[in-house]
Amino acid sequence: MIYMFLPAAAFFSAFFILPMCRLFLVGGSGAIGWRAYSVIVTDSNYFNALLATFGVALATTVTTLLIGGLVGVFLQRYRFPGRSFLMAIITLPMAFPGVVIGFMVIMLAGRQGLIGQISMALGGDRLVFAYSFLGLFLGYVYFSLPRTILTIVAAAEKLDPKLEEAARSFGANTWHVVWDVIMPGLKPALISAGAICFATAIGAFGTAFTLATRINVLPMVIYTEFTLSANIAMAAALSFVLGALTWIVLALARSAAGNTVAAAA
Amino acid sequence: MSALVPQALSIRLQGCAKTFRDGTRALESLDLSISAGETLVLLGPSGCGKTTTLRLIAGLEQPDAGGKVFFDDTDVTTLGIEARKIGMVFQSYALFPNMTVAQNVGYGLRILKMPKTEQQVRIREMLAMMRIEALADRRIDQLSGGQRQRVALARALAVRPQALLLDEPLTALDARLRDALRVEINQLLRSLGITTIYVTHDQAEAMALGDRIIVMSHGRVEQIGTPREIYHQPGSAFVANFIGSMNQLRGVVTPQGFTCSAGCLNWDRSGVAERVLFRPEDVSIVTSSEFAELTGVVKASFFMGDHTRLLVDVGDEAPITVLDDARCPQAVGQKLYMRVAPLGLMSI
Ligand SMILES: Nc1ncnc2c1ncn2[C@@H]1O[C@H](COP(=O)(O)OP(=O)(O)OP(=O)(O)O)[C@@H](O)[C@H]1O
Ligand SMILES: [Mg+2]
């Protein structure tokens, strides 16, 4: 037992406790002392950035799970020409740095972007949303979808087709099958894919750096505090809060789902 | 109990063949009718098409063009399993892991939108029938194999299906439990009077449960008959050898009887026979050569508990099997005199 506990404890302190403690202490060591933490809530600049960050991450996670779940199950079930090619190129976005993804969003929805040109051609206004929440959200979804789809495909392979047949033998329609068999079966995969997606969207910097000119998200604020204002304490305080909140959200999601997962195991 | 099943269904397959998309011919054209309330067992070696036949009846597979499935007089060929109102029990049980035992049993009732209180009554009734009331709130992963089997049966029967289809329901259980559950299922099916199709590759199970047995091999029906017919009048060499153990002797018909290398058997049936078959239990050991029809030498002896199984060399291709006393069997190497009951002789 102890042999398993020790490496786990070492891992946990090296990757979690020690950095977080250090960040927490540095956060309180600036000119305004521990008030750095209360400022995050009282200063609307910081607080809005915090809300924006979590809002985009949440929207990204929900959308990615929805699309990824549908596409993943579809890809696992149906064999069609070009399927293996699709499976092979699907991981492509994961190889791109965030900046490249940001650039692609600009090409799509920027001032010279495809969507703008099409909307003009159709006689409307030039549609530009690359530099808004929507642009950021698009970039994050694009980046997170492949991993989610692959996770779902792998999990869908393991679903027992007999369960579905059993449900259908009682007259279950497609919705029953989805809710009673497929969703419970995919739940662990959805949770882990969702957690990774959420954490990635919270911390993604490259995409935000390219796109977040009009909106503030926390990674950008931290970057600004750190490099431009040289306010290391504030950067640390913000980082600590970002990390702690992310951890709390993921822990809550896990335990909320965990109750039902335990029942499903 | 028979009130549990509204009215039994008769099922008819007409010209049902099945070729899978990859070209595998799983089933040759099959005609079959199952009368209302009957228990029909599909028996055969692995890969012979039992599951495919069952899935055709269930509506999980479609027969090749031209094949038709009738429930009573209604053509249900194009109906999916959702519309066929049958109960299925799978070898792997296929219980919903995210639901309790009671929720599993009540699943079909929920789909039927039965009022909640009625559902509770029905669930309790089913749990009582399968004697698993105490497990109602358990999760599926907290059940033993035998308990899961009971839950699967309760779940299938809770909706009072028109017919019950079981695919090797006992194969995953150990021998002792299998015997116990086999007896229980047999009593249950008799008391319910429900039309049942039962797939197995275990001949003892087939004999014990079936009103009729279909022996299949390589996607073809070898024989359909009652367990007694299948056992005592096998229609083909395959059936003869697949069911129970069978001895075989080559020889010719002479005025004295059937003459083979080991002696002469009492054979008064007309026609030619190059081979006769008989079961070990129809061979008796006699003490003197005077009454002997066959003579052989004991090659090997296996103690089986209630009897001893002798392999006796009679100068034919394969030795014959003879049953002997459990306590004082013949010794290996000993010369053996035998008679075969005339009724037990068959030729195919
Ligand atoms: N979906 C499928 N696609 C292609 N071939 C299949 C498919 N399902 C079954 N087969 C083939 O059809 C034949 C009959 O299979 P089936 O499952 O009916 O056998 P079975 O008698 O139930 O065997 P077992 O006792 O092993 O369960 C086998 O050769 C099998 O490989
Ligand atoms: Mg099978």
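Our subject in this report is the structure included herewith.

Conventions we followed
Residues numbered from 1 in each chain as written. Chains lettered and ligands numbered in written order. Predicted model: local features only at pLDDT ≥ 70, side-chain atom pairs only at ≥ 80, totals over all residues. Heavy atoms only, no water. Near = heavy atom within 4 Å. Polar contact = N/O pair within 3.5 Å; in protein donor to acceptor, adjacent residues only side chain to side chain. Helix = DSSP H or I, 4+ residues; strand = E, 2+ residues; numbered from the N terminus. Nonpolar A, V, L, I, M, F, W, Y, C, P; charged D, E, K, R; others polar. Pairing = 2+ DSSP bridges. Axes fitted to C-alpha atoms, helices over the stretch in contact; angles between N-to-C directions. Contact = heavy atoms within 4.5 Å. Phe/Tyr/Trp six-rings, centres within 6.5 Å; stacked < 30°, edge-to-face > 60°. Buried < 20%, exposed > 50% of the residue type's maximum accessible area, 1.4 Å probe, protein only. Lys NZ or Arg CZ within 6 Å of the ring centre and 35° of its normal. Buried area = accessible area lost by both parts, 1.4 Å probe. Salt bridge = Lys/Arg side-chain N within 4 Å of Asp/Glu carboxyl O.

**Remarks on the site of ligand 1**
All names here are of chain B.
Thinking step 1. Close to ligand 1 lie Phe 20, Asp 22, Thr 24, Ala 26, Ser 46, Gly 47, Cys 48, Gly 49, Lys 50, Thr 51, Thr 52 and Glu 168.
Thinking step 2. Interatomic distance of 3.2 Å between a backbone N/O atom of Cys 48 and an oxygen atom of ligand 1.
Thinking step 3. With respect to ligand 1, the backbone of Gly 49 contributes an N or O atom lying 3.0 Å from an oxygen atom.
Thinking step 4. The element best represented in the shell around ligand 1 is helix α1 (residues 50-58), accounting for three residues.
Thinking step 5. Residue composition of the shell around ligand 1, by class: three nonpolar, six polar and three charged.

**Remarks on the sheet that holds strand β10 (residues 220-225) of chain B**
Sheets are built from strands paired through backbone hydrogen bonds, the pairs being either parallel or antiparallel.
Residue and element names in this part refer to chain B.
Thinking step 1. Here six strands make up an open sheet; going across it, the order is β6-β7-β8-β3-β9-β10 and the pairing mixed. Here the strands that pair on one side only, and so sit at the sheet edges, are β6 (86-89) and β10. On average, adjacent strands in this sheet sit at an angle of 15° to one another, irrespective of strand direction.
Thinking step 2. For β6 and strand β7 (residues 163-167), the ladder comprises four bridges, and the chain directions are parallel. Residue pairing across strands places Val 89 opposite Leu 166, the latter belonging to β7.
Thinking step 3. The strands that helix α5 (residues 145-158) touches are β6 and β7; relative to β6, the one it contacts most, it runs at about 170°.

**Overview of the packing of aromatic side chains**
Thinking step 1. Tallying each qualifying case throughout the model produces 18 aromatic pairs over all chains.
Thinking step 2. Here the aromatic rings of A:Phe16 and A:Trp247 are separated by 5.9 Å at their centres, their planes lie at 45°, and the arrangement is tilted. You can see A:Phe16 sitting in helix α1 (residues 2-27) and its partner A:Trp247 sitting in helix α13 (residues 232-264), a full 231 residues away along the chain.
Thinking step 3. Here A:Phe16 falls in the partly exposed class, since its relative accessible area comes to 27%.
Thinking step 4. With a relative accessible area of 48%, A:Trp247 lands in the partly exposed category.
Thinking step 5. Site record: aromatic cluster; members linked through ring pairs are A:Phe24, A:Trp34, A:Tyr37 and A:Phe240.
Thinking step 6. Over the aromatic face of B:Phe70 sits the side chain of B:Arg12, whose NZ or CZ is 4.4 Å from the ring centroid.
Thinking step 7. Against the face of B:Phe71 rests B:Arg84, its NZ or CZ located 5.9 Å from the ring centre.

**Some words on the side chain of A:Thr53**
Thinking step 1. Positionally, A:Thr53 belongs in helix α3 (residues 44-77).
Thinking step 2. In this structure A:Thr53 touches A:Ile202, A:Val217, A:Leu218, A:Pro219 and A:Leu242, once residues within four positions along its chain are discounted.

**A look at the sheet that holds strand β4 (residues 68-71) of chain B**
All names here are of chain B.
Thinking step 1. Here four strands make up an open sheet; going across it, the order is β2-β1-β4-β5 and the pairing antiparallel. At either margin of the open sheet sits one strand with a lone partner, and together these are β2 (25-34) and β5 (74-75).
Thinking step 2. Inspection of the sheet shows β4 paired to β5 by two bridges, in the antiparallel sense. Each residue of the ladder has a partner; that of Phe 71, found in β5, is Thr 74.
Thinking step 3. Here α1 sits on the sheet in contact with β1 (11-19), β2 and β4, set at roughly 120° to β1.

**Topic: the environment of A:Thr213**
Thinking step 1. Among the structural elements, A:Thr213 can be located in the loop between α11 (206-211) and α12 (218-228).
Thinking step 2. Placed 82 residues apart in sequence, A:Thr213 and A:Tyr131 show a C-alpha to C-alpha distance of 6.3 Å.

**Overview of the interface of chain A and chain B**
Thinking step 1. Facing the 19 residues of chain A at the interface are 23 residues of chain B.
Thinking step 2. Of all residues in chain A, A:Arg168, A:Phe170 and A:Asp180 bury the most surface against chain B, accounting for 34% of the area lost on that side.
Thinking step 3. There are three salt bridges connecting chain A and chain B.
Thinking step 4. Inspection of the chain A/chain B interface yields five residue pairs in polar contact (both at pLDDT 80 or more).
Thinking step 5. Of all elements in the fold, only α9 (161-169), α10 (174-203) and α13 of chain A reach the threshold of two or more residues within the side of chain A that touches chain B.
Thinking step 6. Top element by residues in the side of chain A that touches chain B is α9(A). It accounts for seven residues.
Thinking step 7. Residue composition of the side of chain A that touches chain B, grouped by class: 11 nonpolar, three polar and five charged.

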